[in-house]
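Okay, here's what each chain looks like letter by letter:
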Amino acid sequence: MDKICALAEKYDALVMVDESHSAGVVGATGHGVSELCDTYDKVDIYTGTLGKAFGGALGGFTTGKKEVIEMLRQSSRPYLFSNSLAPSVIGASLEVFRMLKEDNSLHDQLVENVEYFRTRMMAAGFDIKPTQSAICAVMLYDAPLSQRYASMLLDEGIYVTGFYYPVVPKGEARIRVQLSAAHTREQLDRCIAAFVKIGKELGVLK
């Protein structure tokens, strides 16, 4: 991101960053890619979702200079033609923003959970793509296998989703595991054990 911002400055361009997967997760205190890359004063527009780390279940946000926001209010179709978010969603999301600013304990727990899960899964023999987010991609490379694997995990009480083309490139099918600061070590171990059990049944692990 810092290199993109340097190019934008060189060519007098604007930079927009979608922090949907990084806000609340990436960076030393979970403040996103700009915290990680030290680009706060170089990004012109931020977009993000309230449905992931901020826990609002739906909705999103755009921030930027006043002129940009005023233009979007007049021309952005999702803004013009969507119903307003429920006050409860806005209230909960604002509270999460406050919590993130005042206390880093949930972010620290999330980072610990992600590292624990990835380390244990890779030690068991799974192929997991590198990540700085709370989403771990367990690579299976076969679309029908990813669907069957996810279905069998659900039977074990583990809810995950199989991703395959066109959501991801052909031959890159995977199971998407989204971790949370609320997950306990016991729950993570149960999930890992279920992955291992089914992996052996389906021949993914030997």
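In this report, the structure presented in the accompanying data block is examined. These numbers were taken from a predicted model, which means no experiment stands behind them. (Residues numbered from 1 in each chain as written. Predicted model: local features only at pLDDT ≥ 70, side-chain atom pairs only at ≥ 80, totals over all residues. Heavy atoms only, no water.)

Turning our eyes to something else, we now look at the packing of helix H6 (residues 105–124) against helix H8 (residues 185–201). Their axes nearest at 10 Å, the elements H6 and H8 cross at an angle of 25 degrees. Between H6 and H8, the angle is such that the two are roughly parallel. For the pair H6 and H8, the crossing hand works out as right-handed. Residues Glu112, Asn113, Tyr116, Phe117, Arg120, Met121 and Ala124 of H6 touch H8, and the partners they reach there are Arg185, Leu188, Asp189, Cys191, Ile192, Phe195 and Val196. For the contact of H6 with H8, the per-class residue count stands at nine nonpolar, one polar and four charged. (Axes fitted to C-alpha atoms, helices over the stretch in contact; angles between N-to-C directions. Helix = DSSP H or I, 4+ residues; strand = E, 2+ residues; numbered from the N terminus. Parallel < 35°, antiparallel > 145°, perpendicular 65-115°, else oblique. Left-handed = near helix turned anticlockwise from the far one by under 90°. Contact = heavy atoms within 4.5 Å. Nonpolar A, V, L, I, M, F, W, Y, C, P; charged D, E, K, R; others polar.)

So, about the sheet that holds strand S2 (residues 45–49). Read across the sheet, three strands follow the order S1-S2-S3 without closing on themselves; strand pairing throughout is mixed. One side of each edge strand has no neighbouring strand; the edge strands of this open sheet are strand S1 (16–18) and strand S3 (60–64). Recorded for the sheet is a direction-independent mean angle of 15 degrees between the axes of neighbouring strands. Seen against the sheet, helix H3 (residues 66–75) touches S2 and S3 and runs at an angle of roughly 135 degrees to S3. (Pairing = 2+ DSSP bridges.)

A surface patch of nonpolar side chains, about 260 Å² in accessible area, is lined by Ile90, Leu94 and Phe97. Following the sequence through the fold, Ile90 ends up in helix H5 (residues 87–102). (Patch = residues over 30% accessible without salt bridge, like charges linked within 9 Å, V, L, I, M, F, W, Y side chains within 5 Å. Areas by Shrake-Rupley, 256 points an atom, 1.4 Å probe, with all protein chains shown as cover. Salt bridge = Lys/Arg side-chain N within 4 Å of Asp/Glu carboxyl O.)

H8 packs onto helix H7 (residues 143–155) with a crossing angle of 130 degrees between their chain directions and a minimal axis gap of 10 Å. In terms of their interaxial angle, H7 and H8 are classed as oblique. Remark: the crossing between H7 and H8 carries right-handed chirality. Where H7 abuts H8, its residues Tyr149, Met152 and Leu153 lie against Ala194, Phe195, Ile198, Gly199 and Glu201.

The next thing to look at is the nonpolar core. Residues Phe117, Phe126, Tyr149, Leu153, Ile175, Val177 and Phe195 are the most contacted members of the largest nonpolar core, which totals 31 residues. Contributing elements (two or more residues each) for this core: H6, strand S4 (135–139), H7, strand S6 (174–178) and H8. A per-element tally of this core places H8 first, with seven residues. Filtering out sequence-adjacent residues up to four positions away, Phe117 remains in contact with Cys136, Val177, Leu179, Cys191, Ile192 and Phe195. Counting residues in each nonpolar core, the second largest holds six residues, with Cys5, Ala8, Val17 and Val43 among its members. (Core = buried A, V, L, I, M, F, W, Y, C linked by side-chain atoms within 4.5 Å. Buried < 20%, exposed > 50% of the residue type's maximum accessible area, 1.4 Å probe, protein only.)

What follows is about the pattern of salt bridges. Going through the model one piece at a time under the given rule, you end up with nine salt bridges. The salt bridge involving Glu172 is made with Arg174; its shortest N-O contact spans 3.7 Å. Sharing partners across several salt bridges, the network here consists of Glu95, Arg98 and Glu102.

Right, let's talk about the packing of aromatic side chains for a bit. Given two aromatic rings, their pairing is described by the distance between the two centres and the angle made by the two planes. By the definition in use, this model includes four aromatic pairs. Judged by centre distance (6.4 Å) and plane angle (75 degrees), the rings of Phe117 and Phe195 are edge-to-face. Taken together, the residues span a long stretch of sequence, with Phe117 in helix H6 and Phe195 in helix H8 at a distance of 78 residues. Pair check on accessibility: Phe117 and Phe195 agree, each one buried. Where Phe126 meets Phe195, the ring centres are 5.7 Å apart and the plane angle is 80 degrees; that geometry is what we call edge-to-face. Taken together, the positions of Phe126 in the loop between H6 and S4 and Phe195 in helix H8 put the pair 69 residues apart, joining distant regions of the chain. You'll find Phe126 and Phe195 in the same group, each marked buried. Among the aromatic residues, ring-to-ring pairing joins Phe117, Phe126, Tyr149 and Phe195 into one connected group. When the ring centre of Tyr165 is taken as reference, the NZ or CZ atom of Lys170 above it lies at 4.9 Å. Taking NZ or CZ as reference, Arg185 lies 3.8 Å from the ring centre of Tyr116, over its face. (Phe/Tyr/Trp six-rings, centres within 6.5 Å; stacked < 30°, edge-to-face > 60°. Lys NZ or Arg CZ within 6 Å of the ring centre and 35° of its normal.)

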